[in-house]
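Take a look at the letters that make up each chain.
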Amino acid sequence: MPTDSPAPADTPRTPPAPAAQVPAPFPERAALPDPGPAPTLRDPDALAPRPGGPPPATPRGYRAVFAVAEFRAVFAAHLLSLLGVVVSELALTVLVYDLTGSPLLSALTFALGLLPYIVGGTLLAGVADRYPARRVLVVCDLLCAACVAVMLVPATPVAGLLALRCLVAAIAPVFTGTRMAALTDILGEGDLYVLGRSLLRIVSQSAMLIGFGTGGMLLTVLSPRGAITVTVVTFLCSAALLRFGTQDRPARAGTGEGAGGTLLKESLSGARLVLGDRRIRALMLLFWLPAMFVVAPEALAAPYADAIGASPAALGLLLCAMAVGHIGAELFVGSALSPRNRSRIVLPVAAVGLLPLLVYAARPGLPLALAALALAGAGAAYVIGLDQWFVDAVPQELRGRAMTLLTAGLMTVQGLGMALAGLAAEFFPVHQVVAGSGIIGTVCTLLLVAEVRRTDPRRMPYTEERDGADRHVTSR
């Protein structure tokens, strides 16, 4: 699908392992040889004892995430289904254009991949907490496979193709939010979760670069419907990986406000509780707001390339530069910085992340524009630390709904940002619109950063913290 518990306790004689690492070995016993490192409950591969010899080095960073067998299944499922979705988007756009000859309907096919997110993320969010996560993920994959299979029927009209596209997009935020919440069960709520989310984001960025190229090559040897068939296979493979590669855990919700009512009531109640919490609301907006403004240069890449006389190949570079910067920065921050330092850079990097877009005010040539876009993409690295703050702030019983709403809002504001940038470009030169997005976005983000600081419980009076107005970001 498109588009992310404490560590097991050790014996009393050793201090507990940090949440970001595999638990430390049990201490030696007087009458017995050292049995080797303790197995972790999340990794069945670690159950084999290693008598004699030095214990193996504890995996760190991204290697520690891949050491968890369940995460490997989630990662593979994400990679397969995401590549399939990107290929199907391209193939479906070509198919609609072949059937209608209408550029508007062809473009609408892409837009329909974003617009229904807010509907599914708001009205169906309760599914993420109401039912066991594995069941939700598998059913979502199977429903999407069924929708895409119907697209393959030659008798399906264009209106039916677009409706099915909407349905797949409405299911997507439920799947993504459920998976994000399930990662806290698989990886815990500490550093492993943060790095796992980072890996899934990197895959999402990379899939955009690889998927369109793969789709283009497939369309040279297959018909559009033949290329769409690939998506059915990837959804089914994703469902199988999640069904047989992850554990069956009980539903997250069962008590609390909104529980036990209708699905719509639970979904809307969850949205009200999440957005009604000042701290959670501020953190969620910090995910959304910079993303809304940073998409302006991508939305206007084609007219800007035309304005500076760049070639079609240059247009491809303009579209890829931001993703390359994002991937590189996220890999560096995830690998080189400690959890504490990743937390420290959240607000400073978020505050300056849109400033590279101001370069567009000078109507730069291709090299300088590419550098600015790569730097703007690198600014998204603040999200790694923000992931930890968010999962710490959201109560467990609301986590699925909160993350579904987060996903839906993120996709929606990006679509809105693209639309507003296109509208502004009807009245102002493209380079001024992009630079203006950087200025307005930076001002808005600075105001939001101030709000995030104010809601940090470490800065709040005791009485406000006592009354539960906000939660300490490290208290869970």
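Everything numeric here is computed off the predicted structure, so don't read it as measured data.

1. Some words on the overall build of the chain
When you go through the chain residue by residue, the secondary structure sums to 21 helices and 0 strands. Across the 476 residues in the chain, those meeting the buried criterion constitute 50%. Carbon and sulfur atoms provide 69% of the accessible area of the chain, an area that totals close to 20700 Å².

2. Some remarks on the side chain of Thr-231
Here Thr-231 is to be found in helix 9 (residues 224-245). Setting aside anything within four residues of it in sequence, one finds Thr-231 in contact with Gly-84, Val-85, Ser-88 and Val-148.

3. So, the nonpolar core
Membership of the largest hydrophobic core comes to 112 residues, with the highest contact counts inside it found for Phe-71, Leu-187, Leu-286, Leu-318, Tyr-360, Leu-386 and Phe-390. Ranked by residue count, the leading element in this core is helix 7 (residues 158-187), at 13 residues. Excluding residues that lie within four positions of it along the chain, Phe-390 makes contacts with Ile-280, Leu-283, Met-284, Phe-287, Ala-402, Met-403 and Leu-406.

4. Notes on the pattern of salt bridges
Scanning all chains against the criterion turns up 8 salt bridges. Note that Asp-248 and Arg-134 form a salt bridge whose closest N and O atoms lie 3.8 Å from each other. Placement of the pair is Asp-248 in the loop between helix 9 and helix 10 (263-276) and Arg-134 in helix 6 (residues 133-151), with a sequence separation of 114 residues. Under the relative-accessibility criterion, Asp-248 is labelled exposed at 52%. Judged by its relative accessible area of 16%, Arg-134 falls in the buried class. The closest approach of N and O atoms between Glu-451 and Arg-454, which form a salt bridge, is 3.0 Å. Within this pair, Glu-451 and its partner Arg-454 are both found in helix 20 (residues 430-454), separated by 3 residues, close to a single helical turn.

5. A closer look at unusual backbone geometry
Despite not being glycine, Arg-363 has its phi angle at roughly 50 degrees, a positive value. As for its position among the elements, Arg-363 is in the loop between helix 16 (346-352) and helix 17 (366-378). We classify Arg-363 as partly exposed; its relative accessible area is 43%.

6. Here we look at the packing of aromatic side chains
Applying the stated criterion across every chain, the model contains 5 aromatic pairs. Centroid distance Phe-66 to Phe-71: 5.8 Å. Interplanar angle 65 degrees. Geometry classified as edge-to-face. Using a relative accessible area of 0% as the deciding quantity, one classes Phe-71 as buried. Geometrically, the ring pair formed by Phe-71 and Phe-75 is tilted, given 6.1 Å between the ring centres and 40 degrees between the ring planes. Placement of both Phe-71 and Phe-75 in helix 2 (residues 69-100) is noted, with a separation of 4 residues, approximately one turn of the helix. By relative accessible area, Phe-75 is classed as buried at 18%. Site record: aromatic cluster; members linked through ring pairs are Phe-66, Phe-71 and Phe-75.

7. A few points about the environment of Leu-373
With respect to the secondary-structure elements, Leu-373 resides in helix 17. On the basis of relative accessibility, which here comes to 1%, the residue Leu-373 falls in the buried class. Leu-373 sits 76 residues away from Pro-297 along the chain, and the two C-alpha atoms are 7.9 Å apart. When neighbours within four sequence positions are excluded, Leu-373 is seen to be in contact with Pro-297, Leu-318, Ala-321, Met-322 and Tyr-360.

8. Side note on a nonpolar patch on the surface
On the surface, Val-352, Leu-355, Leu-358, Ile-439, Ile-440, Val-443 and Leu-447 cluster together into a nonpolar patch covering about 610 Å² of accessible area. With 4 residues, helix 20 is the largest single contributor of residues to the nonpolar patch. Summarising the element assignment, Ile-440 is placed in helix 20. With relative accessibility at 48%, the residue Ile-440 sits in the partly exposed group.

9. What to know about the confidence of the model for the chain
As a general rule, the predicted coordinates of low-pLDDT regions are not to be interpreted in detail. For the chain, per-residue confidence averages 77 on the pLDDT scale, and 78% of positions sit at 70 or higher. This stretch, residues 255-259, has a pLDDT under 50; its non-local contacts, to residues over four places away or in other chains, come to 8 contacts.

10. Examining the environment of Gly-84
In this fold, Gly-84 is placed in helix 2. Along the backbone, Gly-84 and Phe-235 are 151 residues apart, and their C-alpha atoms lie at a distance of 7.5 Å. The residues contacting Gly-84, other than those within four sequence positions of it, are Thr-231 and Thr-234.

11. Details of the packing of helix 11 (residues 278-294) against helix 20
Between helix 11 and helix 20, whose axes approach to 9 Å, the crossing angle comes to 165 degrees. The pairing of helix 11 with helix 20 is recorded here as roughly antiparallel in orientation. Once helix 11 is placed against helix 20, the crossing between them reads as left-handed. For the pair helix 11 and helix 20, contact is made by Arg-278, Arg-279, Ala-282, Leu-283, Leu-285, Leu-286, Leu-289, Pro-290 and Phe-293 and by Ser-437, Ile-440, Gly-441, Cys-444, Thr-445, Leu-448, Val-449, Glu-451, Val-452 and Arg-454, respectively. Split into classes, the residues belonging to the contact of helix 11 with helix 20 amount to 12 nonpolar, 3 polar and 4 charged.

12. A word on the environment of Tyr-304
Relative to the helices and strands, Tyr-304 is located in helix 13 (residues 301-307). On the basis of relative accessible area, Tyr-304 is assigned to the buried category, the value being 2%. Residues Tyr-304 and Gly-365 lie 61 residues apart in sequence; the distance between their C-alpha atoms is 10.0 Å.

Parameters and conventions
- Residues numbered from 1 in each chain as written.
- Predicted model: local features only at pLDDT ≥ 70, side-chain atom pairs only at ≥ 80, totals over all residues.
- Heavy atoms only, no water.
- Helix = DSSP H or I, 4+ residues; strand = E, 2+ residues; numbered from the N terminus.
- Buried < 20%, exposed > 50% of the residue type's maximum accessible area, 1.4 Å probe, protein only.
- Areas by Shrake-Rupley, 256 points an atom, 1.4 Å probe, with all protein chains shown as cover.
- Contact = heavy atoms within 4.5 Å.
- Core = buried A, V, L, I, M, F, W, Y, C linked by side-chain atoms within 4.5 Å.
- Salt bridge = Lys/Arg side-chain N within 4 Å of Asp/Glu carboxyl O.
- Phe/Tyr/Trp six-rings, centres within 6.5 Å; stacked < 30°, edge-to-face > 60°.
- Patch = residues over 30% accessible without salt bridge, like charges linked within 9 Å, V, L, I, M, F, W, Y side chains within 5 Å.
- pLDDT = per-residue confidence, 0-100.
- Axes fitted to C-alpha atoms, helices over the stretch in contact; angles between N-to-C directions.
- Parallel < 35°, antiparallel > 145°, perpendicular 65-115°, else oblique.
- Left-handed = near helix turned anticlockwise from the far one by under 90°.
- Nonpolar A, V, L, I, M, F, W, Y, C, P; charged D, E, K, R; others polar.

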